[in-house]
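# Residue-level structure breakdown
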Amino acid sequence: MDAAGLLPHFQGNAVHDHWKSYWSYTHCTHSLCNAHHLRELRYCQVDRAFLALRSRRLLVEGQEAVAAARCWPNHSGIRVRG
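The following refers to the structure shown.

Thresholds applied
- Residues numbered from 1 in each chain as written.
- Predicted model: local features only at pLDDT ≥ 70, side-chain atom pairs only at ≥ 80, totals over all residues.
- Heavy atoms only, no water.
- Helix = DSSP H or I, 4+ residues; strand = E, 2+ residues; numbered from the N terminus.
- Buried < 20%, exposed > 50% of the residue type's maximum accessible area, 1.4 Å probe, protein only.
- Contact = heavy atoms within 4.5 Å.
- Phe/Tyr/Trp six-rings, centres within 6.5 Å; stacked < 30°, edge-to-face > 60°.
- Pairing = 2+ DSSP bridges.
- Lys, Arg positive; Asp, Glu negative; His and termini not counted.
- Salt bridge = Lys/Arg side-chain N within 4 Å of Asp/Glu carboxyl O.
- Polar contact = N/O pair within 3.5 Å; in protein donor to acceptor, adjacent residues only side chain to side chain.

Time to look at the overall build of the protein. Looking only at helices and strands, the protein has 2 helices and 2 strands in total. Across the 82 residues that make up the protein, the buried fraction comes to 13%. Within the protein, contacts between residues separated by at least 24 positions form 3% of all contacts whose residues are at least 6 apart in sequence.

Rendered as structure tokens:
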């Protein structure tokens, strides 16, 4: 990552998986990628883990709620995409 020269100077919000090396960059904020969460939870579902199934459903429902909110009509009645 250092060789590419991007992350050592990055000061925004880094969205990534749980790879430990990313956390060494302290000059930016961090968010974890829900696509990675969904893949990891899908793997857990192979064992029929109830918590994994419920967690996946919650993440998908949250994604759908955000998508719906971005298309919600504003006060003028015009649909706004955000």
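Having seen the model, we can carry on.
As a further point, take the packing of aromatic side chains. Counted according to the given criterion, the structure contains 1 aromatic pair. Ring centres 5.4 Å apart and planes at 80° place the aromatic pair Trp19 and Tyr22 in the edge-to-face group. Classification of Trp19 by relative accessible area gives partly exposed; the value is 47%. The exposure class of Tyr22 is partly exposed, given its relative accessible area of 21%.

In this section: the pairing of strand β1 (residues 13-16). Burial along β1 is one-sided: the residues Ala14 and His16 are buried and none of Asn13 and Val15 is. Pairing between β1 and strand β2 (residues 29-32): 4 bridges, direction parallel. Paired with Asn13 across the strands is Thr29, a residue of β2.

Right, let's get into the side chain of Arg56. Inspection of the secondary structure assignment puts Arg56 in helix α2 (residues 50-70). One buried charge, Arg56, has no salt-bridge partner; the nearest side chain with opposite charge is Glu40, at 10 Å. A distance of 3.3 Å separates a polar atom in the side chain of Arg56 from the backbone oxygen of Leu38.

Our focus in this paragraph is the side chain of His16. Take His16: it is sitting in strand β1. Excluding residues within four positions of it along the chain, His16 makes contact with Tyr22, Trp23, His30, Ser31, Leu32 and Cys33.

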